[in-house]
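Below are the chains, spelled out letter by letter.
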Amino acid sequence: MGGRGSSFGSSSKTLVHLPERQTTPMRELGRRGLLALSLLVIIVALVWLDRDAYTDNYDGQVSLIDAIYYATVTITTTGYGDITPIAPHSRVINAVIVTPLRLLFLVVLVGTTLEVLANEGRRGFLDSRWRKRMRNHVVVIGYGTKGRSAVNTLRRNEADMAKVVVIDETPRALADAGRDGLAAIQGDATRRDLLQRAEISKAREVIITLDRDDAAILTTLTVRRLNPSAHVVVACREHDNVSLLRQSGADAVVTSSDAVGRLLGLSAVSPNLGTVIEDLLSSGEGLEVFERLVNANEVDKSPSEIEGEQVIAVVRNKTLRRFYDPAVAKLQTGDEVIVVRRAPEN
């Protein structure tokens, strides 16, 4: 949808907006309405300009009102017969021009009705199929600058974008998600029914990037109640709210104000430090942080012996240990290493 932001008619439940380019329903209905009106105007003009070739059973004369009346009953195939073409050329015009216009009008009218019904059924079918396929997916709540950056990071790390769904209240964010090829749902993420539409109970990761900390706290509480096992990462504006977010169920909290302040401070103390940190946070060039499994030829080696990358941490049995921890002096099968490496060229 842009993202498929809506469908013809209204629905009693919130459906997922699957990425598909399509005009809005009101614009499409307006376009078809103008087309139908244009066909009517053409017939009125034909009858009015050639009014002497028609007769009215009432008074024998065809006025502008009569022309509009005749065009209306003709294009809708009502045809009362009180106004009729009497000249041969007017009958030819009705057979060659008016009849095809009448058929085109019916195609527009019936086609619009059928499309309304077909699109509603198709929307419901696609929504049902999408929800059945959602397992171990990622839910991104809030698609502003931070949300888009998080999704771009997932994409660069080869995450399956078909397993990412966005929740945001603004139509513009949904349009951005649709252009990025993402499924999206519009609404307030603090609502249980909306989160359930996103299959939050089956999600593997939940990323919350809302503009207000109070909304983030309430959303985290709701998410954690619906899914106790998902890994929940929350962006927080103020450091004072970090503890509240952790108590609400957040596994990781990123404080944007602290992070920006620390980067500014490091840049002031040493421009080189600030440049390195910014390099690690940026993407596409320079350095990047990456997590991967230990290769078979790296087993029994120390983290410092890994070539081409700098190991900064090891994840063993779901526990993060720094590279200098004696417990990970030798790498084992199944370990995951967090490394700093050269960013691959685009």
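Above: the structure in question.
Residues numbered from 1 in each chain as written. Predicted model: local features only at pLDDT ≥ 70, side-chain atom pairs only at ≥ 80, totals over all residues. Heavy atoms only, no water.

Draft legend 1. The nonpolar core, seen in detail. If you look at the biggest cluster of nonpolar residues, it comprises 29 residues, and the most contacted ones within it are Ile141, Ile167, Leu195, Val206, Ile208 and Leu245. If you list the elements that add at least two residues to this core, you get strand 3 (138-141), strand 4 (164-168), strand 5 (183-186), helix 6 (192-197), strand 6 (205-208), helix 7 (213-226), strand 7 (231-236) and helix 8 (242-248). Top contributing element to this core by residue count: helix 7, with four residues. Those residues in contact with isoleucine 141 that lie beyond four places of it in its chain are Ile167, Ala189, Leu195, Val206, Ile207, Ile208, Thr209, Leu210, Thr219 and Val223. (Core = buried A, V, L, I, M, F, W, Y, C linked by side-chain atoms within 4.5 Å. Buried < 20%, exposed > 50% of the residue type's maximum accessible area, 1.4 Å probe, protein only. Helix = DSSP H or I, 4+ residues; strand = E, 2+ residues; numbered from the N terminus. Contact = heavy atoms within 4.5 Å.)

Draft legend 2. Fine view of the sheet that holds strand 5. Judged by pairing direction, the sheet is parallel, and its six strands sit side by side in the order 5-4-3-6-7-8 without closing on themselves. Strands at the two margins of the open sheet, each flanked by one partner only, are strand 5 and strand 8 (252-255). Across this sheet, the average inter-strand angle for adjacent strands is 15°, counted without regard to direction. Judged from the four bridges that link them, strand 4 and strand 5 form a sheet pairing that is parallel. (Pairing = 2+ DSSP bridges. Axes fitted to C-alpha atoms, helices over the stretch in contact; angles between N-to-C directions.)

Draft legend 3. The arrangement of the packing of aromatic side chains in detail. Going through the model one piece at a time under the given rule, you end up with two aromatic pairs. With a centroid separation of 5.5 Å and 65° between ring planes, the pair formed by tyrosine 54 and tyrosine 70 is classed as edge-to-face. With a gap of 16 residues between them, tyrosine 54 in strand 1 (residues 54-56) and tyrosine 70 in helix 2 (residues 64-75) connect regions that are remote in the sequence. Look at tyrosine 70 and you get buried, because its relative accessible area is 7%. Ring geometry for phenylalanine 323 versus tyrosine 324: centroids 5.4 Å apart, planes at 75°, classification edge-to-face. On the basis of relative accessible area, tyrosine 324 is assigned to the exposed category, the value being 59%. Note that arginine 148 overlies the ring of tyrosine 143, its terminal NZ or CZ placed 6.0 Å from the centroid. It is arginine 341 that lies over the ring of phenylalanine 290; its NZ or CZ is 3.8 Å from the centre. (Phe/Tyr/Trp six-rings, centres within 6.5 Å; stacked < 30°, edge-to-face > 60°. Lys NZ or Arg CZ within 6 Å of the ring centre and 35° of its normal.)

Draft legend 4. Region of interest: the pairing of strand 12 (residues 336-342). One ladder, built from seven bridges, connects strand 9 (residues 287-293) with strand 12; its direction is antiparallel. Bridge pairing links leucine 287 to arginine 342 in strand 12. Pairing geometry for strand 10 (residues 310-316) and strand 12, over five bridges, is antiparallel. What sits directly across from valine 314, in strand 12, is valine 337.

Draft legend 5. Inspection of unusual backbone geometry at higher detail. One non-glycine residue with positive phi stands out, namely asparagine 317, at about 55°. On the secondary structure map, asparagine 317 appears in the loop between strand 10 and strand 11 (319-322). Backbone geometry at lysine 318 places phi at a positive 65°, although glycine is not the residue there. Mapped onto the secondary structure, lysine 318 falls in the loop between strand 10 and strand 11. Overall, lysine 318 belongs to the exposed group, its relative accessible area being 85%.

Draft legend 6. Representation of helix 2 in the model. Between its first and last C-alpha, helix 2 extends 16 Å over 12 residues, near the 16 Å set by a 1.5 Å rise per residue. Along helix 2, the positions that sit buried rather than exposed are Asp66, Ala67, Tyr70, Ala71, Val73, Thr74 and Ile75. Just downstream of helix 2 lies threonine 77, where phi reads positive at about 60°. (Expected span 1.5 Å × (residues − 1).)

Draft legend 7. Representation of the pattern of salt bridges in the model. According to the stated counting rule, one finds 12 salt bridges in the structure shown. Between glutamate 205 and arginine 204 there is a salt bridge, with the nearest N and O atoms lying 3.8 Å from each other. The partner of aspartate 335 in a salt bridge is arginine 316, and the shortest N-O contact between them spans 2.7 Å. Here arginine 316 lies in strand 10 and aspartate 335 lies in the loop between strand 11 and strand 12, a separation of 19 residues in the sequence. (Salt bridge = Lys/Arg side-chain N within 4 Å of Asp/Glu carboxyl O.)

Draft legend 8. Focus on the sheet that holds strand 12. Read across the sheet, four strands follow the order 9-12-10-11 without closing on themselves; strand pairing throughout is antiparallel. Strands at the two margins of the open sheet, each flanked by one partner only, are strand 9 and strand 11. Direction aside, neighbouring strands of the sheet carry axes that sit 25° apart on average.

Draft legend 9. Focus on the side chain of arginine 102. Along the chain, arginine 102 turns up in helix 3 (residues 88-133). No salt bridge is formed by the buried arginine 102; its nearest oppositely charged neighbour, aspartate 82, is found at 13 Å. Excluding anything up to four places from it in sequence, arginine 102 contacts Thr74, Ile75 and Thr77. (Lys, Arg positive; Asp, Glu negative; His and termini not counted.)

Fair warning: the whole summary comes from geometry, so function is off the table for now.
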